[in-house]
Amino acid sequence: MAETQSPPERRVTPVDPSRRTEIDKQRVPMSARPYRLLALVKQDAVVRVQKEPDDTVMTWPHLLAIEFLSAAVLSVFLLLMGLFVNAPLEDLANGNVTPEVAKAPWYFLGLQEMLAYFHPVVAGVMVPTFLLVGAALIPYVDRGDVLAHKPSERKTAVVLFSLFAILGLLVTFIGIFFRGAGYAITLPWVTGLHFSL
Amino acid sequence: MSFLERVDQGIRRSVVFRSLFRQPYPNDERSRAYAVMNNVFLHIHPVRVRQHAVKFAYTFCLGGLSFFLFLVLTVTGVYLMFFYVPSATQAYTDILQIQSSVAFGLLTRNIHRWAAHLMVFFVFLHMMRVFYHGAYKPPREFNWVVGVVLLFLTIMLSFTGYLLPWDQIAYWAITIGTNMAGYAPLFNTPSKFILLGGLEVGQNTLLRFYVLHIVVFPLVAAIFMAVHFWRIRKDGGISGPL
Ligand code: HEM
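Caption draft 1: View of the overall build of chain A. When helices and strands are tallied, chain A shows six helices and one strand. Looking at chain A as a whole, 28% of its 197 residues are labelled buried. Restricting the contact set of chain A to residue pairs at least 6 apart, pairs at least 24 apart contribute 46%. For chain A, the computed accessible surface area is about 14600 Å², with 66% contributed by carbon and sulfur atoms.

Caption draft 2: Here's a closer look at the interface of chain A and chain B. Contacts between the two partners involve 80 residues from chain A, matched on the other side by 78 residues from chain B. Taken together, both faces of the contact between chain A and chain B bury some 7500 Å²; the carbon and sulfur share is 71%. In this structure, the connection of chain A to chain B is made through two salt bridges. Ionic pairing is found between Arg50 of chain B and Asp55 of chain A, a salt bridge with its closest N-O pair at 3.5 Å. Seen at the junction of chain A and chain B, the total is 34 residue pairs in polar contact (both at pLDDT 80 or more). Contributing elements (two or more residues each) for the side of chain A that touches chain B: strand S1 (56-58), helix H2 (59-84), helix H3 (106-115), helix H4 (120-141) and helix H5 (155-177) of chain A. Of the residues forming the side of chain A that touches chain B, the biggest block, 18 residues, is contributed by H2 of chain A.

Caption draft 3: The arrangement of the coordination of the iron atom of the ligand in detail. The protein atoms donating to the iron atom of the ligand are His126 of chain B (NE2) and His228 of chain B (NE2), with metal-donor distances spanning 2.1 Å. Take His228 of chain B: its relative accessible area is 12%, and that puts it in the buried class.

Caption draft 4: Seen up close, the site of the ligand. Residue and element names in this part refer to chain B. The environment of the ligand is formed by 26 residues, the closest being His126, Arg129, Gly147, His228 and Ser239. Interatomic distance of 3.2 Å between a backbone N/O atom of Gly63 and an oxygen atom of the ligand. Interatomic distance of 2.8 Å between a side-chain N/O atom of Arg129 and an oxygen atom of the ligand. At the level of secondary structure, the elements contributing two or more residues to the shell around the ligand comprise helix H6 (62-81), helix H8 (105-132), helix H9 (141-163) and helix H12 (203-234). Each residue belonging to the shell around the ligand can be placed in one class, and the counts come to 14 nonpolar, ten polar and two charged.

Caption draft 5: Structural context of the domain arrangement of chain B. Taken as a whole, chain B is organised into domain 1 (1-48) and domain 2 (57-234). Centre-to-centre separation of domain 1 of chain B and domain 2 of chain B, based on C-alpha positions: 37 Å.

Caption draft 6: Region of interest: the environment of Val211 of chain B. Positionally, Val211 of chain B belongs in helix H12. Taking the C-alpha atoms as reference points, Val211 of chain B and Leu118 of chain B, 93 residues apart in sequence, are found 22 Å from one another.

Caption draft 7: Highlighting the environment of Pro241 of chain B. Residues and elements named next belong to chain B. Looking at where Pro241 falls in the secondary structure, it is placed in the segment after H12. Of the residues examined, Pro241 reaches a relative accessible area of 46% and is grouped as partly exposed. In this structure, the C-alpha to C-alpha distance between Pro241 and His133, residues 108 residues apart in sequence, is 8.9 Å. When neighbours within four sequence positions are excluded, Pro241 is seen to be in contact with Arg50 and His52.

Thresholds applied
Residues numbered from 1 in each chain as written. Chains lettered and ligands numbered in written order. Predicted model: local features only at pLDDT ≥ 70, side-chain atom pairs only at ≥ 80, totals over all residues. Heavy atoms only, no water. Helix = DSSP H or I, 4+ residues; strand = E, 2+ residues; numbered from the N terminus. Buried < 20%, exposed > 50% of the residue type's maximum accessible area, 1.4 Å probe, protein only. Contact = heavy atoms within 4.5 Å. Areas by Shrake-Rupley, 256 points an atom, 1.4 Å probe, with all protein chains shown as cover. Buried area = accessible area lost by both parts, 1.4 Å probe. Salt bridge = Lys/Arg side-chain N within 4 Å of Asp/Glu carboxyl O. Polar contact = N/O pair within 3.5 Å; in protein donor to acceptor, adjacent residues only side chain to side chain. Donors = N, O, S within 2.8 Å, 3.2 Å for Na, K, Ca; no water. Near = heavy atom within 4 Å. Nonpolar A, V, L, I, M, F, W, Y, C, P; charged D, E, K, R; others polar. Domains from an automatic or database assignment.

Below you can see the structure in the form of C-alpha coordinates.
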(Lines give C-alpha, C1' and ligand atoms only; values in the text may rest on other atoms or scores of the structure.)
Protein backbone atom coordinates (compact mmCIF):
# COMPACT_ATOMS: atom_id res chain seq x y z
CA MET A 1 0.00 0.00 0.00
CA ALA A 2 1.53 3.21 -1.17
CA GLU A 3 1.47 6.00 1.30
CA THR A 4 0.12 9.16 -0.24
CA GLN A 5 2.62 11.92 0.20
CA SER A 6 0.83 15.15 0.81
CA PRO A 7 2.91 18.29 0.31
CA PRO A 8 4.47 19.51 3.53
CA GLU A 9 2.18 21.94 5.22
CA ARG A 10 3.29 25.02 7.11
CA ARG A 11 1.69 24.80 10.48
CA VAL A 12 1.94 26.54 13.77
CA THR A 13 2.55 24.01 16.47
CA PRO A 14 -0.30 24.26 18.95
CA VAL A 15 0.36 25.30 22.49
CA ASP A 16 1.15 22.31 24.73
CA PRO A 17 -2.36 21.26 25.95
CA SER A 18 -1.17 20.98 29.52
CA ARG A 19 -0.18 24.62 29.40
CA ARG A 20 -3.24 26.01 27.67
CA THR A 21 -4.65 28.96 29.51
CA GLU A 22 -8.20 30.24 29.35
CA ILE A 23 -7.07 32.78 26.79
CA ASP A 24 -5.46 30.13 24.59
CA LYS A 25 -8.73 28.20 24.54
CA GLN A 26 -10.59 31.21 23.28
CA ARG A 27 -8.04 32.02 20.64
CA VAL A 28 -9.08 31.74 17.04
CA PRO A 29 -6.72 29.29 15.38
CA MET A 30 -4.40 31.04 12.98
CA SER A 31 -2.80 29.69 9.88
CA ALA A 32 0.96 29.75 9.47
CA ARG A 33 0.79 33.28 8.26
CA PRO A 34 -0.63 35.62 10.85
CA TYR A 35 -2.74 37.48 8.32
CA ARG A 36 -3.84 37.04 4.77
CA LEU A 37 -5.19 39.49 2.26
CA LEU A 38 -8.11 37.73 0.68
CA ALA A 39 -9.36 40.47 -1.57
CA LEU A 40 -9.63 44.18 -1.84
CA VAL A 41 -13.11 45.08 -0.81
CA LYS A 42 -14.58 48.47 -1.32
CA GLN A 43 -16.11 49.72 1.87
CA ASP A 44 -19.78 49.29 1.14
CA ALA A 45 -22.53 49.14 3.68
CA VAL A 46 -24.55 45.94 3.73
CA VAL A 47 -27.52 47.97 2.62
CA ARG A 48 -26.35 50.20 -0.15
CA VAL A 49 -27.64 53.63 0.71
CA GLN A 50 -25.79 55.82 -1.69
CA LYS A 51 -22.75 54.68 -3.58
CA GLU A 52 -19.92 57.17 -3.53
CA PRO A 53 -17.80 57.21 -6.64
CA ASP A 54 -14.50 55.44 -6.02
CA ASP A 55 -11.83 58.07 -6.55
CA THR A 56 -8.83 56.04 -5.43
CA VAL A 57 -5.98 54.53 -7.41
CA MET A 58 -3.41 51.90 -6.51
CA THR A 59 -0.37 53.25 -4.64
CA TRP A 60 1.74 50.88 -6.74
CA PRO A 61 2.34 52.09 -9.41
CA HIS A 62 0.58 55.47 -9.44
CA LEU A 63 2.00 57.16 -6.32
CA LEU A 64 5.30 55.29 -6.20
CA ALA A 65 6.13 56.15 -9.80
CA ILE A 66 5.77 59.86 -9.12
CA GLU A 67 7.75 59.66 -5.89
CA PHE A 68 10.50 57.72 -7.62
CA LEU A 69 10.62 60.07 -10.59
CA SER A 70 10.75 63.26 -8.54
CA ALA A 71 13.46 61.80 -6.29
CA ALA A 72 15.44 60.77 -9.38
CA VAL A 73 15.19 64.24 -10.94
CA LEU A 74 16.26 65.86 -7.68
CA SER A 75 19.19 63.43 -7.41
CA VAL A 76 20.41 64.35 -10.87
CA PHE A 77 20.08 68.04 -9.99
CA LEU A 78 22.08 67.56 -6.77
CA LEU A 79 24.73 65.57 -8.59
CA LEU A 80 25.15 68.30 -11.22
CA MET A 81 25.27 71.00 -8.55
CA GLY A 82 27.82 68.97 -6.60
CA LEU A 83 29.97 68.46 -9.67
CA PHE A 84 29.93 71.98 -11.03
CA VAL A 85 29.38 74.38 -8.13
CA ASN A 86 31.71 74.23 -5.19
CA ALA A 87 30.49 74.96 -1.69
CA PRO A 88 32.03 78.19 -0.44
CA LEU A 89 35.05 78.07 1.81
CA GLU A 90 37.00 81.15 2.87
CA ASP A 91 40.04 81.66 5.08
CA LEU A 92 40.41 80.08 8.48
CA ALA A 93 38.10 81.58 11.09
CA ASN A 94 39.68 84.56 12.83
CA GLY A 95 37.89 86.60 15.46
CA ASN A 96 40.35 89.46 15.01
CA VAL A 97 39.77 89.95 11.31
CA THR A 98 36.33 91.44 10.79
CA PRO A 99 35.05 90.86 7.26
CA GLU A 100 33.67 93.73 5.17
CA VAL A 101 30.20 92.63 6.16
CA ALA A 102 29.03 89.75 8.33
CA LYS A 103 25.79 88.22 7.20
CA ALA A 104 23.75 85.48 8.83
CA PRO A 105 22.63 82.51 6.67
CA TRP A 106 19.91 83.51 4.20
CA TYR A 107 16.98 82.21 6.27
CA PHE A 108 18.01 84.56 9.10
CA LEU A 109 18.76 87.54 6.86
CA GLY A 110 15.20 88.82 7.24
CA LEU A 111 15.76 88.99 10.98
CA GLN A 112 19.16 90.62 10.52
CA GLU A 113 17.47 93.20 8.32
CA MET A 114 14.96 93.87 11.11
CA LEU A 115 17.95 94.42 13.39
CA ALA A 116 18.76 97.48 11.27
CA TYR A 117 15.41 99.03 12.21
CA PHE A 118 14.53 97.74 15.67
CA HIS A 119 16.09 97.07 19.03
CA PRO A 120 17.77 93.64 19.20
CA VAL A 121 15.17 92.38 21.69
CA VAL A 122 12.48 93.10 19.11
CA ALA A 123 14.31 91.86 16.04
CA GLY A 124 16.15 88.93 17.59
CA VAL A 125 13.72 87.66 20.20
CA MET A 126 10.19 88.99 19.82
CA VAL A 127 9.81 88.77 16.04
CA PRO A 128 11.07 85.16 15.67
CA THR A 129 9.08 84.04 18.71
CA PHE A 130 5.98 85.71 17.36
CA LEU A 131 6.50 84.13 13.93
CA LEU A 132 6.99 80.59 15.22
CA VAL A 133 4.28 80.65 17.87
CA GLY A 134 1.98 82.53 15.53
CA ALA A 135 2.51 79.98 12.76
CA ALA A 136 1.82 77.13 15.15
CA LEU A 137 -1.41 78.80 16.27
CA ILE A 138 -2.82 79.38 12.76
CA PRO A 139 -5.15 76.34 12.81
CA TYR A 140 -6.57 77.42 16.17
CA VAL A 141 -6.92 81.09 15.28
CA ASP A 142 -8.55 80.50 11.90
CA ARG A 143 -12.10 79.81 12.96
CA GLY A 144 -13.45 79.97 9.43
CA ASP A 145 -15.53 77.32 7.73
CA VAL A 146 -13.77 73.99 8.16
CA LEU A 147 -14.82 72.91 4.68
CA ALA A 148 -13.60 76.07 2.97
CA HIS A 149 -10.34 74.99 1.35
CA LYS A 150 -10.25 77.05 -1.82
CA PRO A 151 -8.25 80.26 -1.40
CA SER A 152 -11.23 82.18 -2.83
CA GLU A 153 -13.37 80.93 0.06
CA ARG A 154 -11.04 82.20 2.76
CA LYS A 155 -9.74 85.50 1.50
CA THR A 156 -8.81 87.01 4.88
CA ALA A 157 -6.54 84.13 5.84
CA VAL A 158 -4.91 84.01 2.43
CA VAL A 159 -4.32 87.77 2.27
CA LEU A 160 -2.88 87.90 5.80
CA PHE A 161 -0.57 84.95 5.24
CA SER A 162 0.55 86.27 1.87
CA LEU A 163 1.28 89.65 3.44
CA PHE A 164 3.64 88.06 5.96
CA ALA A 165 5.21 85.92 3.25
CA ILE A 166 5.84 88.91 0.98
CA LEU A 167 7.18 90.98 3.86
CA GLY A 168 9.57 88.18 4.81
CA LEU A 169 10.65 87.76 1.21
CA LEU A 170 11.22 91.51 0.90
CA VAL A 171 13.46 91.90 3.96
CA THR A 172 15.39 88.76 3.03
CA PHE A 173 15.83 90.08 -0.49
CA ILE A 174 17.15 93.41 0.78
CA GLY A 175 19.49 91.59 3.16
CA ILE A 176 20.88 89.40 0.38
CA PHE A 177 21.26 91.91 -2.44
CA PHE A 178 21.15 95.46 -1.11
CA ARG A 179 23.43 95.33 1.90
CA GLY A 180 27.15 95.81 1.42
CA ALA A 181 30.21 96.72 3.48
CA GLY A 182 29.34 97.55 7.06
CA TYR A 183 25.78 96.37 6.35
CA ALA A 184 25.07 99.69 4.65
CA ILE A 185 22.55 99.96 1.84
CA THR A 186 24.23 99.45 -1.55
CA LEU A 187 23.30 98.57 -5.07
CA PRO A 188 24.57 95.12 -6.07
CA TRP A 189 25.31 96.24 -9.65
CA VAL A 190 27.54 99.03 -8.33
CA THR A 191 29.46 97.48 -5.43
CA GLY A 192 28.98 93.82 -6.26
CA LEU A 193 27.22 91.07 -4.35
CA HIS A 194 28.08 90.60 -0.68
CA PHE A 195 26.58 87.22 -0.04
CA SER A 196 27.56 83.59 0.26
CA LEU A 197 25.44 80.52 0.66
CA MET B 1 14.59 32.78 -24.67
CA SER B 2 17.52 35.13 -24.77
CA PHE B 3 20.44 34.79 -22.39
CA LEU B 4 19.31 37.78 -20.35
CA GLU B 5 15.81 36.43 -20.00
CA ARG B 6 17.20 33.10 -18.82
CA VAL B 7 19.35 34.87 -16.23
CA ASP B 8 16.35 36.92 -15.16
CA GLN B 9 14.21 33.80 -14.82
CA GLY B 10 16.99 32.02 -12.98
CA ILE B 11 17.27 34.83 -10.46
CA ARG B 12 13.54 35.10 -9.93
CA ARG B 13 13.14 31.37 -9.40
CA SER B 14 16.08 31.05 -7.04
CA VAL B 15 15.46 30.19 -3.42
CA VAL B 16 17.24 33.32 -2.26
CA PHE B 17 15.19 35.66 -4.42
CA ARG B 18 11.91 34.06 -3.42
CA SER B 19 12.85 34.26 0.23
CA LEU B 20 13.58 37.96 -0.24
CA PHE B 21 10.48 38.89 -2.23
CA ARG B 22 7.66 36.56 -1.36
CA GLN B 23 5.50 37.66 -4.25
CA PRO B 24 6.39 37.69 -7.91
CA TYR B 25 6.68 41.09 -9.58
CA PRO B 26 3.36 42.79 -8.87
CA ASN B 27 1.27 42.97 -12.00
CA ASP B 28 -2.29 42.87 -10.75
CA GLU B 29 -4.19 44.72 -8.04
CA ARG B 30 -3.86 41.96 -5.51
CA SER B 31 -0.12 41.57 -5.79
CA ARG B 32 0.36 45.32 -5.91
CA ALA B 33 -1.55 45.64 -2.68
CA TYR B 34 0.69 42.97 -1.18
CA ALA B 35 3.80 44.71 -2.48
CA VAL B 36 2.93 47.88 -0.58
CA MET B 37 1.65 46.15 2.55
CA ASN B 38 4.48 43.67 2.96
CA ASN B 39 7.39 46.03 2.43
CA VAL B 40 8.65 47.84 5.50
CA PHE B 41 9.58 50.94 3.50
CA LEU B 42 6.48 51.08 1.35
CA HIS B 43 3.92 50.28 4.01
CA ILE B 44 4.11 53.85 5.20
CA HIS B 45 1.68 54.30 2.30
CA PRO B 46 -1.87 53.03 2.20
CA VAL B 47 -2.57 50.44 -0.48
CA ARG B 48 -4.80 52.84 -2.34
CA VAL B 49 -4.63 56.63 -2.43
CA ARG B 50 -7.12 59.17 -3.59
CA GLN B 51 -6.68 60.19 -7.18
CA HIS B 52 -6.12 63.92 -6.73
CA ALA B 53 -3.40 63.28 -4.13
CA VAL B 54 -1.32 61.51 -6.76
CA LYS B 55 -1.27 64.51 -9.07
CA PHE B 56 2.14 66.16 -8.95
CA ALA B 57 0.59 69.62 -9.02
CA TYR B 58 -1.29 69.03 -5.76
CA THR B 59 1.65 68.48 -3.39
CA PHE B 60 4.51 69.15 -5.82
CA CYS B 61 6.08 66.31 -3.84
CA LEU B 62 7.48 69.00 -1.55
CA GLY B 63 7.04 67.10 1.70
CA GLY B 64 8.32 63.91 0.17
CA LEU B 65 11.32 65.68 -1.36
CA SER B 66 12.09 67.40 1.96
CA PHE B 67 12.27 63.95 3.48
CA PHE B 68 14.37 62.68 0.57
CA LEU B 69 16.79 65.56 1.12
CA PHE B 70 16.95 64.65 4.79
CA LEU B 71 18.01 61.14 3.77
CA VAL B 72 20.61 62.47 1.31
CA LEU B 73 21.97 64.72 4.05
CA THR B 74 22.18 61.81 6.47
CA VAL B 75 24.16 59.66 4.05
CA THR B 76 26.54 62.40 2.88
CA GLY B 77 26.86 63.72 6.44
CA VAL B 78 27.90 60.34 7.85
CA TYR B 79 30.56 60.07 5.15
CA LEU B 80 31.91 63.53 6.03
CA MET B 81 32.00 62.61 9.72
CA PHE B 82 34.69 60.03 9.03
CA PHE B 83 37.11 62.79 8.08
CA TYR B 84 36.14 65.67 10.35
CA VAL B 85 37.21 66.53 13.89
CA PRO B 86 35.27 69.31 15.64
CA SER B 87 38.32 71.08 16.93
CA ALA B 88 39.07 74.75 16.40
CA THR B 89 42.62 73.87 15.42
CA GLN B 90 41.80 70.96 13.12
CA ALA B 91 38.35 71.47 11.63
CA TYR B 92 39.40 73.85 8.86
CA THR B 93 42.33 71.71 7.71
CA ASP B 94 40.03 68.68 7.79
CA ILE B 95 37.70 70.45 5.36
CA LEU B 96 40.66 71.26 3.09
CA GLN B 97 41.73 67.62 3.32
CA ILE B 98 38.21 66.42 2.50
CA GLN B 99 38.21 68.63 -0.57
CA SER B 100 41.66 67.69 -1.81
CA SER B 101 42.48 64.13 -0.80
CA VAL B 102 39.39 62.25 0.34
CA ALA B 103 37.78 60.12 -2.37
CA PHE B 104 34.67 61.98 -3.58
CA GLY B 105 35.23 64.34 -0.65
CA LEU B 106 34.65 67.55 -2.57
CA LEU B 107 31.57 66.14 -4.28
CA THR B 108 30.18 64.89 -0.98
CA ARG B 109 30.73 68.21 0.75
CA ASN B 110 29.16 70.10 -2.17
CA ILE B 111 26.09 67.87 -2.23
CA HIS B 112 25.75 68.11 1.54
CA ARG B 113 25.87 71.90 1.35
CA TRP B 114 23.44 72.33 -1.54
CA ALA B 115 21.02 69.72 -0.23
CA ALA B 116 20.96 71.51 3.13
CA HIS B 117 20.03 74.88 1.60
CA LEU B 118 17.51 73.19 -0.66
CA MET B 119 15.88 71.38 2.25
CA VAL B 120 15.28 74.62 4.17
CA PHE B 121 13.86 76.11 0.97
CA PHE B 122 11.62 73.11 0.20
CA VAL B 123 10.28 72.98 3.75
CA PHE B 124 9.29 76.65 3.44
CA LEU B 125 7.60 75.93 0.11
CA HIS B 126 5.87 72.85 1.55
CA MET B 127 4.46 75.01 4.33
CA MET B 128 3.14 77.51 1.78
CA ARG B 129 1.51 74.75 -0.26
CA VAL B 130 -0.14 73.34 2.88
CA PHE B 131 -1.38 76.77 3.86
CA TYR B 132 -2.84 77.71 0.49
CA HIS B 133 -4.70 74.39 0.38
CA GLY B 134 -6.16 75.08 3.80
CA ALA B 135 -4.74 71.69 4.74
CA TYR B 136 -4.12 72.80 8.33
CA LYS B 137 -7.86 72.80 9.04
CA PRO B 138 -9.44 70.08 11.18
CA PRO B 139 -8.58 67.26 11.50
CA ARG B 140 -5.04 68.27 10.54
CA GLU B 141 -4.46 71.09 13.07
CA PHE B 142 -1.93 69.24 15.12
CA ASN B 143 0.01 67.96 12.15
CA TRP B 144 0.52 71.59 11.18
CA VAL B 145 1.98 72.22 14.65
CA VAL B 146 4.27 69.21 14.19
CA GLY B 147 5.23 70.78 10.87
CA VAL B 148 6.16 74.09 12.51
CA VAL B 149 8.42 72.17 14.89
CA LEU B 150 9.97 70.45 11.86
CA LEU B 151 10.56 73.81 10.21
CA PHE B 152 12.35 75.02 13.33
CA LEU B 153 14.43 71.84 13.51
CA THR B 154 15.34 72.04 9.82
CA ILE B 155 16.58 75.62 10.23
CA MET B 156 18.52 74.71 13.35
CA LEU B 157 20.09 71.73 11.58
CA SER B 158 21.25 74.01 8.81
CA PHE B 159 22.43 76.74 11.20
CA THR B 160 24.47 74.41 13.44
CA GLY B 161 26.08 72.84 10.36
CA TYR B 162 27.01 76.27 9.03
CA LEU B 163 29.68 76.72 11.70
CA LEU B 164 31.48 73.43 11.16
CA PRO B 165 33.84 74.39 8.26
CA TRP B 166 35.32 76.91 10.72
CA ASP B 167 36.13 79.48 8.06
CA GLN B 168 35.43 83.21 8.04
CA ILE B 169 31.93 82.83 6.56
CA ALA B 170 31.01 80.31 9.23
CA TYR B 171 32.56 82.21 12.11
CA TRP B 172 30.95 85.57 11.37
CA ALA B 173 27.57 84.20 10.30
CA ILE B 174 27.27 82.32 13.57
CA THR B 175 28.53 85.38 15.49
CA ILE B 176 25.77 87.49 13.94
CA GLY B 177 23.15 84.77 14.30
CA THR B 178 23.85 84.10 17.96
CA ASN B 179 24.14 87.82 18.70
CA MET B 180 20.53 88.17 17.63
CA ALA B 181 19.25 85.31 19.76
CA GLY B 182 21.55 86.35 22.58
CA TYR B 183 19.10 88.76 24.10
CA ALA B 184 16.61 86.11 25.16
CA PRO B 185 17.14 85.36 28.85
CA LEU B 186 17.29 81.62 29.51
CA PHE B 187 17.65 80.21 33.03
CA ASN B 188 18.76 83.64 34.17
CA THR B 189 21.78 83.51 31.85
CA PRO B 190 21.98 85.28 28.52
CA SER B 191 21.06 82.58 26.01
CA LYS B 192 24.09 83.64 24.01
CA PHE B 193 26.31 82.20 26.70
CA ILE B 194 24.43 78.92 26.63
CA LEU B 195 24.60 78.74 22.84
CA LEU B 196 28.25 79.66 22.58
CA GLY B 197 29.61 78.11 25.75
CA GLY B 198 31.53 81.33 26.27
CA LEU B 199 31.53 84.99 25.48
CA GLU B 200 32.33 84.55 21.81
CA VAL B 201 32.38 81.83 19.17
CA GLY B 202 35.16 79.40 20.11
CA GLN B 203 36.07 75.76 20.73
CA ASN B 204 33.10 75.24 23.08
CA THR B 205 30.74 76.62 20.45
CA LEU B 206 32.16 74.32 17.79
CA LEU B 207 31.73 71.25 19.97
CA ARG B 208 28.19 72.27 20.99
CA PHE B 209 27.10 72.95 17.44
CA TYR B 210 28.72 69.71 16.27
CA VAL B 211 26.91 67.54 18.80
CA LEU B 212 23.62 69.32 18.12
CA HIS B 213 24.18 68.99 14.37
CA ILE B 214 25.08 65.32 14.15
CA VAL B 215 23.07 63.77 17.00
CA VAL B 216 20.49 65.88 18.75
CA PHE B 217 18.67 67.68 15.92
CA PRO B 218 18.71 64.78 13.41
CA LEU B 219 17.33 62.42 16.04
CA VAL B 220 14.62 64.78 17.21
CA ALA B 221 13.75 65.64 13.60
CA ALA B 222 13.47 61.94 12.72
CA ILE B 223 11.09 61.40 15.62
CA PHE B 224 8.93 64.36 14.61
CA MET B 225 8.93 63.18 10.97
CA ALA B 226 7.70 59.78 12.10
CA VAL B 227 4.86 61.47 13.98
CA HIS B 228 4.19 63.74 10.98
CA PHE B 229 3.87 60.82 8.53
CA TRP B 230 1.86 58.69 10.95
CA ARG B 231 -0.60 61.51 11.46
CA ILE B 232 -1.05 62.11 7.73
CA ARG B 233 -2.48 58.57 7.56
CA LYS B 234 -4.51 58.94 10.74
CA ASP B 235 -5.96 62.26 9.60
CA GLY B 236 -7.39 60.56 6.54
CA GLY B 237 -4.59 60.92 4.02
CA ILE B 238 -3.79 63.98 1.97
CA SER B 239 -6.35 66.76 2.13
CA GLY B 240 -8.43 67.93 -0.78
CA PRO B 241 -9.40 67.92 -3.53
CA LEU B 242 -9.79 71.67 -3.55
C1 HEM C 1 11.25 68.38 7.65
C2 HEM C 1 10.18 68.94 7.27
C3 HEM C 1 8.93 68.28 6.72
C4 HEM C 1 8.77 67.08 6.09
C5 HEM C 1 9.84 66.03 5.76
C6 HEM C 1 7.36 66.96 5.76
C7 HEM C 1 6.81 65.89 5.07
C8 HEM C 1 5.49 65.83 4.65
C9 HEM C 1 4.95 64.91 3.67
C10 HEM C 1 5.75 63.82 2.96
C11 HEM C 1 3.64 65.19 3.53
C12 HEM C 1 2.69 64.51 2.54
C13 HEM C 1 2.13 65.48 1.52
C14 HEM C 1 3.10 66.35 0.84
O15 HEM C 1 4.16 65.88 0.42
O16 HEM C 1 2.80 67.56 0.71
C17 HEM C 1 3.31 66.25 4.44
C18 HEM C 1 2.05 66.80 4.64
C19 HEM C 1 1.76 67.80 5.54
N20 HEM C 1 2.67 68.63 6.16
FE21 HEM C 1 4.67 68.34 6.17
N22 HEM C 1 6.70 68.07 6.20
C23 HEM C 1 7.61 68.91 6.78
C24 HEM C 1 7.37 70.17 7.31
C25 HEM C 1 6.10 70.71 7.46
C26 HEM C 1 5.83 72.07 7.85
C27 HEM C 1 6.88 73.14 8.11
C28 HEM C 1 4.46 72.18 7.94
C29 HEM C 1 3.62 73.38 8.32
C30 HEM C 1 3.94 74.27 9.15
C31 HEM C 1 3.88 70.90 7.59
C32 HEM C 1 2.54 70.60 7.60
C33 HEM C 1 1.98 69.54 6.92
C34 HEM C 1 0.56 69.26 6.84
C35 HEM C 1 -0.56 70.03 7.55
C36 HEM C 1 0.41 68.17 5.97
C37 HEM C 1 -0.88 67.53 5.49
C38 HEM C 1 -1.17 68.19 4.16
C39 HEM C 1 -2.38 67.66 3.44
O40 HEM C 1 -3.06 66.79 3.97
O41 HEM C 1 -2.62 68.17 2.33
N42 HEM C 1 4.90 70.04 7.27
N43 HEM C 1 4.47 66.65 5.11
